[in-house]
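Secondary and tertiary structure notes
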Amino acid sequence: MGVMLRCSAQIQAVDRYDEWFAIGGTETDAPDLSETSRAKNIPEALETAFVACRDTWWQLGKVLSGQKTAEVSHAAACASFGSDLGIMLAWERIVRQKAAADSVTLVICDDPWLFRQLAALPNVDAATPPRILKRRLCLYLRGFLSRLRTGSRMARAACRLQRQQENFAEGSPAIVVYGHPDSDADGYDAYFGQLMNRFPELRRLLHCDCSPDRAVELAADGRTAALHAWGSAIFALACLPLKRWRPDLSEIASEFRWIVQRAADLENGGGSPAMIAWQQHCQKRWLSSRRPRAISWPWENFSWERDLVRLARARDVPTTGYQHTVIGPHQFNYCIRANADGLVSIPDVVAANGPAYRRELLAWGMPEERIETVGATRMQSPVKLPLYKRDAPVFFALSGSLPVAERQLKVARRIADAGRAVLVKAHPMYPVCFEQTERLRKTATGLVAQPELSVVVYSTGSIALDAIFAKLPCVRLRFDDRISIDILPEGVQNPVADKSNISDLLDAVGQPPDVAWEDIFSPPDETKWAERLGIAT
């Protein structure tokens with residue numbers, strides 16, 4: 001009894017089991033396995049285990065974030081979007097439970113790190129693990145080349161945008177934002193709404209993931225500058241290629257060492273460590289050069305934000321982290337329990353966008369005296385809503401996570417092939433290309449501007465709330481190898497489906513219960529914003 005752990009090349013030799021499933025991103029149509037014995041409800045089990053593992057991830061994050069190189073890591077910040085460490089913890093929990101059951105479960109895993117982690121569990125019969133040295137070497141080389149390329153790009157950006165330093169007067173209050181496509185050079189910012197129009201002395205700094213071309217467009221207002229402008233091209237070329245996350249595994253319990261090593265190998269296999277290091281480098285030089293009066297930014301408790309808080313506090317610059325969007329039960333990065341230095345790396349004030357998410361921050365350990373409700377400058381009360389019509393198109397809102405968006409597209413295409421009209425709206429920051437058909441069409445029009453819809457299907461994102469406010473039937477689509485990040489506050493729920501039952505649910509789902517915008521969000525309080533930014537009114 002227990003678990004038979006095999007990679008996909010070894011399943012032909014397996015002849016006795018009660019159920020089977022594939023994990024860790026392993027994809028198999030299992031021609032040699034019985035479809036009737038495939039384990040049921042794996043998406044639900046994965047999500048349940050993911051939530052159950054959050055305390056473990058927070059404990060790991062606290063240890064990891066206190067180590068020397070963790071400032072360039074997503075996993076150490078418990079970032080549910082940026083790292084799949086939490087998913088690996090969930091698989092470990094599921095397999096541990098199956099291994100203790102009175103049945104035989106075949107678990108198929110081609111992930112060499114996860115396989116080795118699971119092989120050490122009690123009651124697990126593991127075959128020869130997948131090869132790992134070649135995989136790690138390829139990631140090492142790929143990561144170095146990615147960071148080398150990133151360093152070259154950042155050096156060019158610093159040289160091109162250096163003159164934008166003139167757009168930021170010393171001692172000005174500042175918002176630090178991403179280069180959202182909905183922001184403009186006429187005073188509107190997608191994260192902070194009309195605050196720049198309301199407060200002419202306010203300046204906007206663009207995060208380093210904003211492209212130079214976009215930074216030039218937004219800087220036309222004379223009040224916006226890219227953080228690239230304060231970067232050193234020499235630092236970019238000489239230091240960024242060498243930036244890697246090197247966790248000290250001796251401080252990690254043996255039961256998690258392989259999956260922590262996996263997280264480091266995957267993060268180091270791309271340009272992410274270099275980008276985070278560049279952001280920290282630029283914001284440090286900007287703070288030293290311009291000494292802003294106060295800073296606010298869309299706060300998510302990532303590693304670069306923790307660094308910004310510490311730098312600002314050392315210079316007596318007040319900080320306000322704007323809880324700009326939604327949290328929900330899956331975005332573990334908002335919890336301060338994973339901050340190795342506790343409140344030291346938390347902003348002076350966390351500005352909540354309304355009562356619902358203020359309660360969530362409190363529940364996850366934020367001290368009440370650190371939270372102030374300043375209202376939603378981004379999640380405005382919709383002035384126009386689409387009409388519900390049963391035979392109208394199905395609206396697919398693609399996730400900002402590209403792997404999730406690709407899986408959504410496969411389901412959307414299947415629904416369209418079955419005869420329903422489907423509109424696909426890509427995330428504004430992460431466009432996706434796909435072949436359109438007569439029934440599967442892309443749209444650039446957002447949800448609230450659609451004339452009529454039948455059902456909204458999403459996997460992540462705040463569009464779930466827009467659909468609820470519009471009283472449109474809404475379904476969260478989840479998968480068997482990814483977490484569809486739920487952003488709804490406690491007490492607000494949407495039906496959940498996976499690819500096996502989504503078609504049936506689209507026909508059966510009803511309109512959601514009444515939820516008032518004011519129960520979730522608050523209108524923006526400009527007086528409080530002025531106080532937070534040090535602006536006289």
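In this report, the structure presented in the accompanying data block is examined. (Residues numbered from 1 in each chain as written. Predicted model: local features only at pLDDT ≥ 70, side-chain atom pairs only at ≥ 80, totals over all residues. Heavy atoms only, no water.)

**Considerations on helix α17 (residues 526-533)**
Going by this rule: Here's how the labels work: a residue is buried when its accessible area is under 20% of the maximum for its type, exposed when over 50%, partly exposed in between, all with a 1.4 Å probe on protein chains only. Secondary structure elements follow DSSP: runs of H or I no shorter than four residues count as helices, runs of E no shorter than two count as strands, and numbering proceeds from the N terminus. The directions considered for the arc are those from the helix axis to the C-beta atoms. By definition in these notes, contact holds between two residues if any of their heavy atoms fall within 4.5 Å. Under this definition, polar contacts are N or O atom pairs within 3.5 Å; protein pairs additionally need one hydrogen-donor-capable and one acceptor-capable atom, and for neighbouring residues in sequence, both atoms have to be side-chain atoms.
Regarding α17, the residues found buried are W529, A530, R532 and L533. Down the axis, α17 shows its buried residues gathered within 165° of arc, on one side only. The exposed set on the far side of α17, more than 90 degrees from its buried face, consists of T527 and E531. Along its buried surface, α17 packs onto β5 (174-177), α6 (195-198), β8 (295-298), β9 (319-322), β10 (349-352) and β11 (371-373). Capping the start of α17 is the job of one residue whose side-chain oxygen sits 3.1 Å from the backbone nitrogen of T527: D525. Looking at the residues trailing α17, positive phi occurs at G534, about 70°.

**Here we look at the sheet that holds strand β3 (residues 104-109)**
Put simply, the rule reads: A pair of strands is labelled paired if DSSP reports no fewer than 2 bridges between them. Whenever a helix is involved, its axis is fitted only over the stretch in contact; in every case the axis is a line through C-alpha atoms, and angles between N-to-C directions fall within 0 to 180 degrees.
Reading across from one edge, β2-β3-β1-β4 is the order of the four strands in this open sheet, with parallel pairing throughout. Looking along the sheet, the strands with just one partner apiece sit at the ends: β2 (19-23) and β4 (124-126). In this sheet, adjacent strand axes meet at a mean angle of 25° when their direction is disregarded. Relative to β4, strand β1 (residues 2-6) runs parallel, the two being bridged by three bridges. Paired with M4 across the two strands is D125, which belongs to β4. Packing against the sheet, helix α3 (residues 85-99) makes contact with β1, β2, β3 and β4, and its axis sits at approximately 160° to β2.

**Thoughts on a nonpolar patch on the surface**
The criterion, for reference: Patch definition: residues with relative accessible area over 30% and no salt bridge; like charges joined within 9 Å; nonpolar side chains (Val, Leu, Ile, Met, Phe, Trp, Tyr) joined within 5 Å. We get accessible surface area from the Shrake-Rupley algorithm with a probe of 1.4 Å; when it comes to residues, only the shown protein chains can shield them. Salt bridges, as used here, are contacts in which a Lys or Arg side-chain nitrogen is within 4 Å of a carboxyl oxygen on Asp or Glu.
On the surface, F144, L145, L148 and L242 cluster together into a nonpolar patch covering about 390 Å² of accessible area. Among the secondary structure elements, L242 is positioned in the loop between α8 (233-238) and α9 (257-268).

**Observations regarding the packing of aromatic side chains**
Our working definition: Stacked, tilted and edge-to-face pairs are distinguished by plane angle, under 30 degrees for stacked and over 60 for edge-to-face with tilted covering the rest, among Phe, Tyr and Trp rings (Trp via its six-membered ring) whose centres lie within 6.5 Å. A ring has a charge above it when a Lys NZ or an Arg CZ is no more than 6 Å from the ring centre and no more than 35 degrees off the ring normal.
Enumeration over the complete set of coordinates arrives at 18 aromatic pairs. Between W58 and W364, the aromatic rings sit 5.5 Å apart at their centres with planes inclined by 75°, giving edge-to-face as the arrangement. Placement of the pair is W58 in helix α2 (residues 54-65) and W364 in the loop between α12 (355-363) and β11, with a sequence separation of 306 residues. Ring centres 6.3 Å apart and planes at 55° place the aromatic pair F332 and W364 in the tilted group. Of this pair, F332 sits in the loop between β9 and β10 while W364 sits in the loop between α12 and β11, placing them 32 residues apart in sequence. Taking the relative accessible area as the measure of exposure, F332 reaches 0% and is therefore buried. For W364, a relative accessible area of 9% gives the class buried. Taken together, the aromatic side chains of F50, W57, W58, F332 and W364 make up a single cluster linked through ring pairs. Over the aromatic face of W258 sits the side chain of R116, whose NZ or CZ is 5.8 Å from the ring centroid. Seen from the ring of F434, K442 lies directly overhead, with NZ or CZ sitting 5.2 Å from the centre.

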